[in-house]
Amino acid sequence: MSDTSDQQPRRDFLLRSLAGAVGAAALPLPAAAADPASAGAAIETPPGYLWLRPDEQAFVEALVNHMCPADPLTPNGVDMGLNIFYDRALGGNWGQGDRLYLQGPFKNGTANQGYQLGMTPAQLFRAGSEGLAGYCAATYGKPFDRLPADTKEAVLKGLQGGKIELPNGVPAATYFAQLLQMFYEAMFADPIYGGNKNKLGWKMVGYPGVNTANKVNIVKFSNKPYRPEPAGIADLS
């Protein structure tokens, strides 16, 4: 299926963003994927939230639907399971900071020093989301999920550029960077982690997934169209 001019910018953006999803590889595998005997449980992510609070659920659903709106090629972010990825990642080992050094001292670092806050990813998300809720209430009189699309966009750009000051002091740009990185991961990580439902993110950019013959196919299909059915971890378990 060819892209229309309206659809092409979104696909180009996602193709350029695919590199941002590599952080998902660091997430620990769920027990079902680590244990072949329970591989059947890994094929479908259990429905429902495990960690996000109701107000956070509404925020994340609005966020992923805004950043991944439905179009003729894909459904919206919630239908792709991106919100479930946020929930599982924040409630899991990564979100709880299992491998994160948190002994301090904590000082403002330079850009090339990476994350410097004394909070786990889950704590940053929760504090940042509470701060954003307070900002939206004070500025617009309603939560983020009830804002019109153009206002959502302005808020997200304000966070990204550090132009919004969250009332609880959470650094806006750092908080936004986490939200955006998780969006990339939700779009392109293996479906076993909850996002990328039905491998739609992979299909959009032509990624073959866990394809053991991909080295051969790179040569075989050089300069030729190559659109295989992607394979995930659960397919090979």
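The following refers to the structure shown. (Residues numbered from 1 in each chain as written. Predicted model: local features only at pLDDT ≥ 70, side-chain atom pairs only at ≥ 80, totals over all residues. Heavy atoms only, no water.)

### Focus: the overall build of the protein chain
Next, step 1: Per the secondary structure count, the protein chain includes nine helices and zero strands.
Next, step 2: Seen in sequence order, the protein chain has helices and strands lined up from the N terminus as α-α-α-α-α-α-α-α-α.
Next, step 3: Here the protein chain holds 237 residues, and 41% of them are scored as buried.
Next, step 4: In the protein chain, of all internal contacts separated by at least 6 residues, the share reaching a separation of at least 24 is 63%.
Next, step 5: Only carbon and sulfur atoms are counted for the fraction: they give 55% of the accessible area of the protein chain, which is about 12,900 Å². (Helix = DSSP H or I, 4+ residues; strand = E, 2+ residues; numbered from the N terminus. Buried < 20%, exposed > 50% of the residue type's maximum accessible area, 1.4 Å probe, protein only. Contact = heavy atoms within 4.5 Å. Areas by Shrake-Rupley, 256 points an atom, 1.4 Å probe, with all protein chains shown as cover.)

### Section: the environment of Pro148
Next, step 1: Among the structural elements, Pro148 can be located in the loop between α5 (121–140) and α6 (149–160).
Next, step 2: For the pair Pro148 and His66, spaced 82 residues apart in sequence, the C-alpha separation works out to 10.0 Å.

### Observations concerning the environment of Lys197
Next, step 1: Along the chain, the position of Lys197 falls in the loop between α7 (172–188) and α8 (200–205).
Next, step 2: Between the alpha carbons of Lys197 and Phe85 there is a distance of 9.9 Å; along the sequence they are 112 residues apart.
Next, step 3: Contacts of Lys197, omitting those with residues within four sequence positions, involve Asp79, Met80 and Gly81.

### Things to note about the packing of α5 against α7
Next, step 1: Interaxial distance between α5 and α7 falls to 10 Å at its minimum, and their mutual angle equals 115 degrees. In terms of axis orientation, α5 runs roughly perpendicular to α7. Along this stretch, α5 crosses α7, giving a crossing that reads as left-handed. Contacts from Pro121, Leu124, Phe125, Gly128, Ser129 and Leu132 in α5 reach Thr174, Tyr175, Gln178 and Leu179 in α7. (Axes fitted to C-alpha atoms, helices over the stretch in contact; angles between N-to-C directions. Parallel < 35°, antiparallel > 145°, perpendicular 65-115°, else oblique. Left-handed = near helix turned anticlockwise from the far one by under 90°.)

### Brief notes about the pattern of salt bridges
Next, step 1: Applying the stated criterion to the full structure yields six salt bridges.
Next, step 2: For Arg53, the salt bridge identified is with Glu130, shortest N-O distance 3.4 Å. With Arg53 in the loop between α2 (31–34) and α3 (54–67) and Glu130 in helix α5, this residue pair connects regions lying 77 residues apart in the sequence.
Next, step 3: Where Lys157 meets Glu153, a salt bridge forms, and the shortest distance between an N and an O atom there is 3.9 Å. (Salt bridge = Lys/Arg side-chain N within 4 Å of Asp/Glu carboxyl O.)

### A word on the nonpolar core
Next, step 1: Within the largest apolar cluster, 45 residues are counted, with the highest numbers of intra-cluster contacts made by Phe59, Tyr86, Leu132, Phe144, Leu159, Leu166 and Tyr175.
Next, step 2: Put simply, the parts of the chain that give this core at least two residues each are α3, α4 (82–91), α5, α6, α7 and α8.
Next, step 3: In this structure Tyr86 touches Val60, Leu63, Val64, Leu179, Met182, Phe183 and Ala186, once residues within four positions along its chain are discounted. (Core = buried A, V, L, I, M, F, W, Y, C linked by side-chain atoms within 4.5 Å.)

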